[in-house]
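The residues making up each chain are set out below.
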Amino acid sequence: MKHLLTEWPPLSSRGLAGVAGGSTLALVALARGERLSVPRAMWSRLLLVSALSISGWVAFMGLALLWLRASEAALLGITIPVWVAFLAWPILGERLSFLRAASLTIALAGIVVLLGGNGFEASVEKLPGIALALVAAIGVGLGIVLTKHFPLATPPLSLAAWQVGLGCLPVAIVGLAVEQPHLAALSWIGWASLVSMTLIQFCLCYVCWFAALERLPAATASIGTLLVPVVAVLAAAAVLHEPLGLREIAALVITLGGVAMALRS
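Residues numbered from 1 in each chain as written. Predicted model: local features only at pLDDT ≥ 70, side-chain atom pairs only at ≥ 80, totals over all residues. Heavy atoms only, no water.

Novice: Would you mind going over the environment of Met-42 in detail, with residue names and values included?
Specialist: With respect to the secondary-structure elements, Met-42 resides in the loop between α1 (10–31) and α2 (43–64). Among the residues examined, Met-42 registers a relative accessible area of 16% and is labelled buried. Sequence-wise, Met-42 and Ile-130 are 88 residues apart; in three dimensions their C-alpha atoms are separated by 34 Å. Sequence-distant contacts of Met-42, defined by excluding residues within four places in its chain, comprise Pro-151, Leu-152 and Ala-153. (Helix = DSSP H or I, 4+ residues; strand = E, 2+ residues; numbered from the N terminus. Buried < 20%, exposed > 50% of the residue type's maximum accessible area, 1.4 Å probe, protein only. Contact = heavy atoms within 4.5 Å.)

Structure representation (structure tokens):
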């Protein structure tokens, strides 16, 4: 996504990729014989969780990358388990056990290490990106909890198709209206990035995510997202040549330790 922003604007690229991903998932669901119909009483719930979990995340995190490095945005987005854990307690009654709280603390300590020093300079210029990334993370956290609180009784593949499609459609419309992207501006690397984001992020990953959320407590499922900075930092170092030194490696080891402890809880 960070590379794609050098060729295409954020709302258009994220929104159009999401609409294409949602449409692809709908076709796959139909081919598998799954139903796509949504009961009328559940439409308001579906629109609410789609706006929180998808629209806000896609729009705000895409815009945050205009101010932040890819690894920085991923690390701020990874505060999602914290918001889920706190929101799941009053809304879902999922008490925060000592072991789970300890695992979150360890994992977040690793992120603090990675944000320390010159790895994350919270300068005035970066404040808009920091604020946008945190708003996106809080919105996703609330969306996750509400998805568990208001079950939609829809298969994971169909649910992913509806949420991704409905969540990304308004982002794509706004992007086309205000950004006016041009296909000619995309290089072959840009096209590859767009296709990868469509098929991997908006198809494969969201199907896996909704399947996990159906089977696990909200706080437990969200802990898995702590692995995102591991992938983001390593990929950003390899592709974008962002820093990867002893501090980054130590932070990733600490974060993985927190995830391992969380899995035991």
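Moving on from the model shown.
Novice: Lay out the pattern of salt bridges in plain terms, naming residues and giving numbers.
Specialist: As enumerated under the stated definition, the model contains 1 salt bridge in all. A salt bridge links Arg-32 to Glu-34; the shortest N-O distance between them is 3.7 Å. (Salt bridge = Lys/Arg side-chain N within 4 Å of Asp/Glu carboxyl O.)

Novice: Would you mind going over the environment of Pro-81 in detail, with residue names and values included?
Specialist: With respect to the helices, strands and loops of the structure, Pro-81 is situated in helix α4 (residues 80–92). Of the residues examined, Pro-81 reaches a relative accessible area of 1% and is grouped as buried. Each C-alpha atom, one on Pro-81 and one on Leu-47, is 22 Å from the other, the two residues being 34 residues apart in sequence.

Novice: Break down the packing of aromatic side chains for me, citing the residues and quoting the values.
Specialist: A complete count under the given rule lists 2 aromatic pairs for this structure. Note on Trp-43 and Trp-162: the rings are 5.1 Å apart at their centroids and 85 degrees apart in plane angle, and the pair reads as edge-to-face. Placement of Trp-43 in helix α2 and of Trp-162 in helix α7 (residues 156–178) is noted, with a sequence separation of 119 residues between them. Look at Trp-43 and you get partly exposed, because its relative accessible area is 29%. Trp-162 gets classed as partly exposed once you look at its relative accessible area, which sits at 25%. (Phe/Tyr/Trp six-rings, centres within 6.5 Å; stacked < 30°, edge-to-face > 60°.)

Novice: Outline the nonpolar core, supporting the account with residue identities and numerical values.
Specialist: By size, the foremost hydrophobic cluster in this structure holds 53 residues, and its most contacted members are Phe-202 and Tyr-206. Broken down by secondary-structure element, the contributors of at least two residues to this core are α1, α2, α3 (70–77), α4, α6 (127–149), α7 and α8 (188–215). Among the elements that make up this core, the one with the highest residue count is α6 (9 residues). If sequence neighbours within four positions are ignored, Phe-202 has contacts with Arg-14, Ala-17, Gly-18, Gly-21, Leu-25, Val-58, Val-164, Cys-168 and Met-197. (Core = buried A, V, L, I, M, F, W, Y, C linked by side-chain atoms within 4.5 Å.)

No statement about biological role is implied by the geometric values presented.
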